[in-house]
Amino acid sequence: MIKEYRFWIKERDTYTIKVEEEKRITEEMLQAESGKVLELDEEIRRQYQLIISLKAQVVTNVNMNCLLSSFSSIDVSQAHTEVEW
């Protein structure tokens, strides 16, 4: 019975070492992937800010075009030439 007990102790120790090695390898892989995730997350933020900026420019250009088109419909010949301050 002592012989069998020692066998199982040895088995446990062997697999404990294997499990610890696998945990270490997994943690190293996760750290590498975590860095990639952070880089991609930052790139997503930059692209999102770029999209917001471009949308703002489009809205500004549309508003400016509407404003200019409304001015072009004014008959300048009827406008007063004197400006009072």
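For the structure itself, consult the block above.
Figured I'd write up the structure that's included with this text. Quantities reported herein were computed from a predicted structural model and do not represent experimental measurements. (Residues numbered from 1 in each chain as written. Predicted model: local features only at pLDDT ≥ 70, side-chain atom pairs only at ≥ 80, totals over all residues. Heavy atoms only, no water.)

### Structural notes on the overall build of the chain
No. 1: Counting its regular elements, the chain contains one helix and zero strands.
No. 2: Of the accessible surface of the chain, which amounts to about 8700 Å², a share of 62% is contributed by carbon and sulfur atoms. (Helix = DSSP H or I, 4+ residues; strand = E, 2+ residues; numbered from the N terminus. Areas by Shrake-Rupley, 256 points an atom, 1.4 Å probe, with all protein chains shown as cover.)

### Examining the packing of aromatic side chains
No. 1: A full pass over the atoms with the stated rule returns one aromatic pair.
No. 2: Between Phe7 and Trp8 the ring centres are 4.9 Å apart and the planes differ by 75°, which places this aromatic pair in the edge-to-face class. (Phe/Tyr/Trp six-rings, centres within 6.5 Å; stacked < 30°, edge-to-face > 60°.)

### Overview of the pattern of salt bridges
No. 1: This model, assessed by the stated rule, comprises nine salt bridges.
No. 2: A salt bridge links Arg24 to Glu28, with the shortest nitrogen-to-oxygen separation between them at 2.5 Å. With Arg24 and Glu28 both in helix H1 (residues 2-72) and four residues apart, this pair spans about one turn of that helix.
No. 3: Looking at Glu28, the relative accessible area reads 44%, which means it is partly exposed.
No. 4: Here Arg45 ties to Glu42 by a salt bridge, and the two come within 3.3 Å at their closest N and O atoms. Separated by three residues within a single helix, Arg45 and Glu42 lie in helix H1, roughly one turn from each other.
No. 5: Taking the relative accessible area as the measure of exposure, Arg45 reaches 47% and is therefore partly exposed.
No. 6: Sharing partners across several salt bridges, the network here consists of Asp41, Glu42, Glu43, Arg45 and Arg46. (Salt bridge = Lys/Arg side-chain N within 4 Å of Asp/Glu carboxyl O. Buried < 20%, exposed > 50% of the residue type's maximum accessible area, 1.4 Å probe, protein only.)

### Some details on a nonpolar patch on the surface
No. 1: A contiguous nonpolar surface patch, about 280 Å² in accessible area, is contributed by Met64, Leu67 and Leu68.
No. 2: When you line up the elements, Met64 lands in helix H1.
No. 3: A relative accessible area of 43% places Met64 in the partly exposed class. (Patch = residues over 30% accessible without salt bridge, like charges linked within 9 Å, V, L, I, M, F, W, Y side chains within 5 Å.)

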